[in-house]
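# Commentary on secondary and tertiary structure
Each chain, letter by letter, is given below.
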Amino acid sequence: MGQITHTFSTKQINKMNKKYQHALEKAPQGAIFRARTSNAVVTAYASGKVLFQGSNPEEELKQWDPSGIPQGNNPFTVAKTNKNNYAPPETLFTTNHIGSDESGTGDYFGPVTTCAVYVTSEQIDHLKAIGIQDSKAITDANIQVLAKQLMEMNIPYSLLVLHNEKYNHLQQKGWTQGKMKAMLHFHAINNLLKKIGPAPYDGILVDQFCQPEVYIRHIQSENEQLPSTNYFMTKAESYSIAVAAASVIARASFLNEMDGLSEDIGHTLLKGASQKVDRLIAKIIQENGQGSLNAIAKTHFANTKKASAFL
Ligand code: MN
């Protein structure tokens, strides 16, 4: 995520306003217009200042004034490698490194699980060969098989499970899910760093779920600091075998937790947050009362309200 401010003439701003007609959003107070493109949010002010904020502000500014791009900030390399200032070097994926990923954040039922994994360069080919990849591309049955194989390899990892009671408590305390995830990643990584001790690594890669600046703000709000060489990228599990392995362990843990909760409540809890989930919630409320949801569900999801249609 980057941000550039550039000053334009009134004539130019009018021209921009016209070109962005299709992409206009509600302008903040004092602004002439605000538009959102795939590169950036563009906000123009009466002073002539135009603010470009987003994943690729350079690219957006370039169309209007290429000379306005700050020196040393080549938009092509920025766009190619990653769209943030915390992009990992490409060499990271083939060397010793740490990766982290989470599971369960979009599921009404069940916890949020987060895992950080340490892999060495010698392990990478083997991990690829056994089929470690993005957990979303693996069936539930295979996830368990792969997670078991990772355990057997004694790959160092740290797994954190944020159970529903705690999740709901934090949510009611005002934590966003983003903050919960940031703290989970942070602690999983920290625990793993303690575990591996002096083992060398080239960097830490978090599968990006929010802008790095937001992640950093979250952990700073809990008086923590980003470790050095902590990188972020979206779809990191497609590039980093450590993130892919973390996604597998986190997913396997989520599935195990779901099995346990299903047994406790006497219903096979469904993944996701569909209308089928709403019907199941209604059934569970009828049988066990509303209060039973606190231990099995992320109760702030809209599903809790929607379930009342089926009561
Ligand atoms: Mn992820």
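An account of the accompanying structure is given in this report. What you are looking at is a predicted structure, and each value in this text was computed from that prediction instead of being measured.

Two numbers describe how helix H7 (residues 177–196) lies on helix H8 (residues 212–221): the axes approach to 9 Å, and their chain directions differ by 75 degrees. Accordingly, the angle class assigned to the pair H7 and H8 is roughly perpendicular. Residue-level inspection shows Gly178, Lys179, Ala182, Met183, His185, Phe186 and Ile189 of H7 in contact with H8, the latter providing Tyr215, His218, Ile219 and Ser221. Tallied by class, the residues present in the contact of H7 with H8 amount to six nonpolar, four polar and one charged.

Turning to the coordination of the manganese ion, a few remarks are in order. At 2.1 Å from the manganese ion lie its protein donor atoms, namely Asp101 (OD) and Asp207 (OD). Of this pair, Asp101 sits in strand S6 (residues 97–103) while Asp207 sits in strand S9 (residues 204–207), and the two are 106 residues apart along the sequence. Since its relative accessible area comes to 3%, Asp101 is described here as buried. The exposure class of Asp207 is buried, given its relative accessible area of 9%.

Our focus in this paragraph is the nonpolar core. Membership of the largest hydrophobic core comes to 63 residues, with the highest contact counts inside it found for Phe109, Tyr215, Leu269 and Ile296. Of the residues forming this core, the biggest block, 14 residues, is contributed by helix H9 (residues 241–265).

Within the element layout of this structure, Ile285 appears in helix H10 (residues 275–288). By relative accessible area, Ile285 is classed as buried at 12%. Measuring from C-alpha to C-alpha, the distance between Ile285 and Ala307 comes to 9.0 Å, with 22 residues separating the pair along the chain. Not counting the four nearest positions on each side in its chain, Ile285 is found in contact with Gln290, Leu293 and Leu311.

If you trace the backbone, Gln123 turns up in the loop between strand S7 (112–119) and helix H4 (124–129). Of note is the side chain of Gln123, whose polar atom sits 2.9 Å from the backbone nitrogen of Thr120.

In this section: the packing of aromatic side chains. Evaluated as defined, the whole model comprises nine aromatic pairs. Through a chain of ring-to-ring contacts, three or more aromatic side chains come together here, namely Tyr86, Phe209, Tyr215 and Phe232. The ring of Trp175 is capped by Lys179, whose NZ or CZ atom sits 4.3 Å from the centre of that ring. Looking at Lys195, its charged tip hangs above the ring of Tyr157, at a distance of 5.2 Å from the centre.

Burial analysis of S6 places seven of its seven residues in the buried class, the great majority of the element. What you see with S6 is no split at all: His97, Gly99, Asp101 and Ser103 on one side and Ile98, Ser100 and Glu102 on the other are buried throughout. Where S6 lies against S9, three bridges are found, and the strand directions are parallel. Considered in S9, the bridge of Gly99 is made with Leu205.

An ideal rise of 1.5 Å per residue puts 28 Å on 20 residues; H7 measures up with 28 Å between its terminal C-alpha atoms. Most of H7 is tucked away: 14 of the 20 residues are buried. One or two positions beyond H7, positive phi appears at Gly197, with a value near 55 degrees.

Here we take up helix H6 (residues 164–172). Listing the buried residues of H6 in full gives Asn164, Tyr167, Asn168 and Leu170. Taken down its axis, H6 places every buried residue within 160 degrees of arc, on the same side. Looking one or two residues beyond H6, the residue adopting positive phi is Gly174, at roughly 105 degrees.

Okay, the environment of Tyr231 next. When you line up the elements, Tyr231 lands in strand S10 (residues 230–233). Linking Tyr231 and Ala87, residues 144 residues apart in sequence, is a C-alpha distance of 5.6 Å. When near neighbours in sequence (up to four residues on either side) are disregarded, Tyr231 contacts Tyr86, Ala87, Pro88, Pro89, Leu92, Asp202, Gly203, Ile204, Leu205 and Val206.

Moving on to the packing of helix H5 (residues 140–152) against H9. The N-to-C vectors of H5 and H9 enclose an angle of 120 degrees; their axes lie 9 Å apart at closest approach. For H5 against H9, the interelement crossing comes out left-handed. Contacts from Asp140, Ile143, Gln144, Leu146, Ala147, Leu150 and Met151 of H5 reach H9 at Ala245, Val248, Ile249, Arg251, Ala252, Leu255 and Asn256. When its residues are assigned to classes, the contact of H5 with H9 shows 10 nonpolar, two polar and two charged.

About the criteria used
Residues numbered from 1 in each chain as written. Predicted model: local features only at pLDDT ≥ 70, side-chain atom pairs only at ≥ 80, totals over all residues. Heavy atoms only, no water. Axes fitted to C-alpha atoms, helices over the stretch in contact; angles between N-to-C directions. Helix = DSSP H or I, 4+ residues; strand = E, 2+ residues; numbered from the N terminus. Parallel < 35°, antiparallel > 145°, perpendicular 65-115°, else oblique. Contact = heavy atoms within 4.5 Å. Nonpolar A, V, L, I, M, F, W, Y, C, P; charged D, E, K, R; others polar. Donors = N, O, S within 2.8 Å, 3.2 Å for Na, K, Ca; no water. Buried < 20%, exposed > 50% of the residue type's maximum accessible area, 1.4 Å probe, protein only. Core = buried A, V, L, I, M, F, W, Y, C linked by side-chain atoms within 4.5 Å. Polar contact = N/O pair within 3.5 Å; in protein donor to acceptor, adjacent residues only side chain to side chain. Phe/Tyr/Trp six-rings, centres within 6.5 Å; stacked < 30°, edge-to-face > 60°. Lys NZ or Arg CZ within 6 Å of the ring centre and 35° of its normal. Pairing = 2+ DSSP bridges. Expected span 1.5 Å × (residues − 1). Arc of directions from axis to C-beta. Left-handed = near helix turned anticlockwise from the far one by under 90°.

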